[in-house]
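As a plain string of letters, each chain reads:
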2 protein chains.
Amino acid sequence: PRGDTSLSRLVRLLLSARRSLDLCIFSFSCPQLARAVQLLHRRGVRVRLVTDAQFMGLHGSQIGRLRHAGIQVRHDQHSGYMHHKFAIVDQRMLITGSLNWTTQAIQSNRENVLVVDDAECVKPFLEEFEKIWEEYNPANYSF
Amino acid sequence: PRGDTSLSRLVRLLLSARRSLDLCIFSFSCPQLARAVQLLHRRGVRVRLVTDAQFMGLHGSQIGRLRHAGIQVRHDQHSGYMHHKFAIVDQRMLITGSLNWTTQAIQSNRENVLVVDDAECVKPFLEEFEKIWEEYNPANYSF
């Protein structure tokens, strides 16, 4: 997306969720996208969010706010990045690309976002999400 | 890709190019991928590479080496990032995702790469490439 029009389109796609929203977002600081995610949570859509441990505390990150709103968030424990930037709506529509969910990326960068509903394409992302969700379960954290 | 197997698969896809390879790569420091690109150039495949101005001088970037080998490279002139990470082989196969072409990303991160040959999906990326290629033409640089 570039500018407001593409942001609105992304928000609209997210808000089409009826049952679930699974998010794997490396860096999440865009307030408008956080508001959309919160709205879905309030509507009773099951929201799960995976993010990167090193980035979740930085640069106006929205992760604290989303956690505070009661949304389930999990993060990695590694030095490598959880570098995905994808969303899966209702287990069937995949939104993925180069775009981190930051205001800088939306306003200033050249980025791409693909919207895919072909089941064969979406499947590996569904599987990757479930794998990461289990791997990042706080019950498995080591200190 | 994670580990060598996915890297080999990516190299193999690139080496399948017969006529052209168009690259939009935010950060390019992986020597194996640079070698593959150089090999294609030596075989007579038309290689064009677009990259980000702020990243091309950093962290063992391969851009200088590719330029030195005679490959055409163009970069942005903006403070925003040229954040795409995609390759188009022979104007028909798109390779895109979260993966920057860095050793760190390949070895340590969780990343995704999609390979798409559906013409309708590839078209906007072809158009974006040509648009960026013209926009970043050195003839248009302002100092």
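Residues numbered from 1 in each chain as written. Chains lettered and ligands numbered in written order. Predicted model: local features only at pLDDT ≥ 70, side-chain atom pairs only at ≥ 80, totals over all residues. Heavy atoms only, no water.

Participant: An account of the pairing of strand β4 (residues 85-89) of chain A is needed here, citing residue identities and associated values.
Facilitator: When a strand is regular, its side chains alternate between the sheet's two faces. Residues and elements named next belong to chain A. Most of β4 is tucked away, with 5 of its 5 residues classed as buried. Neither face of β4 is exposed, since K85, A87 and V89 on one face and F86 and I88 on the opposite face are all buried. Across 5 bridges, the pairing between strand β1 (residues 20-25) and β4 is antiparallel. By the bridge assignment, C24 is partnered in β4 with F86. With 4 bridges connecting them, β4 and strand β5 (residues 93-97) associate as antiparallel partners. By the bridge assignment for β5, A87 is matched with I95. (Buried < 20%, exposed > 50% of the residue type's maximum accessible area, 1.4 Å probe, protein only. Helix = DSSP H or I, 4+ residues; strand = E, 2+ residues; numbered from the N terminus. Pairing = 2+ DSSP bridges.)

Participant: Provide a residue-level description of the pattern of salt bridges, including the pertinent values.
Facilitator: In total, this model carries 11 salt bridges over all chains according to the counting rule given. Of the charged contacts in the structure, one is a salt bridge between K123(A) and E127(A), with a shortest N-O distance of 3.2 Å. With K123(A) and E127(A) both in helix α5 (residues 119-135), this residue pair falls 4 residues apart, about one helical turn. One salt bridge in this structure joins D90(B) and R92(B), with 4.0 Å as the shortest N-O distance. Residue classification places D90(B) among the buried positions, given a relative accessible area of 5%. Because the salt bridges share partners, they merge into one network encompassing D22(A), R48(A) and E130(A). (Salt bridge = Lys/Arg side-chain N within 4 Å of Asp/Glu carboxyl O.)

Participant: Kindly report on the nonpolar core, identifying the contributing residues and their values.
Facilitator: Grouped together as the largest cluster of nonpolar side chains are 31 residues, with contacts concentrated most on L14(B), L21(B), L23(B), F28(B), L33(B), V37(B) and W101(B). Only α1 (3-15), β1 (20-25), α2 (31-43), β2 (46-51), α3 (63-68), β4 (85-89), β5 (93-97) and α4 (103-108) of chain B provide two or more residues apiece to this core. Residues in contact with L14(B), not counting those within four places in the same chain, are L21(B), L33(B), L40(B), A87(B), V89(B), I95(B) and W101(B). Core analysis: the next-biggest nonpolar cluster, separate from the first, contains 30 residues, L10(A), L23(A), L49(A) and A87(A) among them. (Core = buried A, V, L, I, M, F, W, Y, C linked by side-chain atoms within 4.5 Å. Contact = heavy atoms within 4.5 Å.)

Participant: I'd love a proper account of the side chain of N112(A), names of residues and values included.
Facilitator: Turning to its location among the elements, N112(A) is positioned in the loop between α4 (103-108) and β6 (113-116). Here H84(B) takes part through its side chain, which lies 2.9 Å from a polar atom of the side chain of N112(A). The residues touching N112(A), leaving out its near neighbours within four places in the chain, are T96(A), G97(A), S98(A), L99(A), H84(B), K85(B), F86(B), T96(B) and F125(B). (Polar contact = N/O pair within 3.5 Å; in protein donor to acceptor, adjacent residues only side chain to side chain.)

Participant: Explain the packing of aromatic side chains to me, and be specific about the residues and the numbers.
Facilitator: Under the defined criterion, the tally for this structure stands at 12 aromatic pairs over all chains. For the pair F86(A) and F125(A), a centre-to-centre distance of 5.1 Å together with 90° between the ring planes defines the contact as edge-to-face. One end of the pair, F86(A), is in strand β4; the other, F125(A), is in helix α5, and 39 residues separate them in sequence. The class for F86(A) is buried, based on a relative accessible area of 0%. Aromatic side chains F129(B) and W133(B) sit 5.8 Å apart centroid to centroid with 15° between the ring planes, which places their arrangement in the stacked category. Taken together, the positions of F129(B) and W133(B), both in helix α5 (residues 119-135) and 4 residues apart, correspond to about one turn of that helix. A single burial state applies to F129(B) and to W133(B), both of which are buried. Through successive ring pairs, a cluster of aromatic residues spans F26(A), F55(A) and Y81(A). Above the face of the W133(A) ring, R74(A) is positioned so that its terminal group lies 4.1 Å from the ring centre. (Phe/Tyr/Trp six-rings, centres within 6.5 Å; stacked < 30°, edge-to-face > 60°. Lys NZ or Arg CZ within 6 Å of the ring centre and 35° of its normal.)

Participant: Residues and numbers for the pairing of strand β2 (residues 46-51) of chain A, please.
Facilitator: All names here are of chain A. A large share of β2 lies buried, amounting to 5 of its 6 residues. Relative to β2, β1 runs parallel, the two being bridged by 6 bridges. Following the sheet pairing, I25 is matched in β2 by T51. Regarding topology, helix α2 (residues 31-42) serves as the crossover connection from β1 to the parallel β2, and that connection is right-handed. Examined bridge by bridge, β2 and strand β3 (residues 72-75) share 4 bridges and lie parallel to one another. Looking at β3, one finds that L49 is bridged to V73. Since β2 and β3 lie parallel, the crossover through helix α3 (residues 63-68) that links them has a hand, and here it is right-handed. (Right-handed = clockwise from strand over helix to strand, strands pointing away.)

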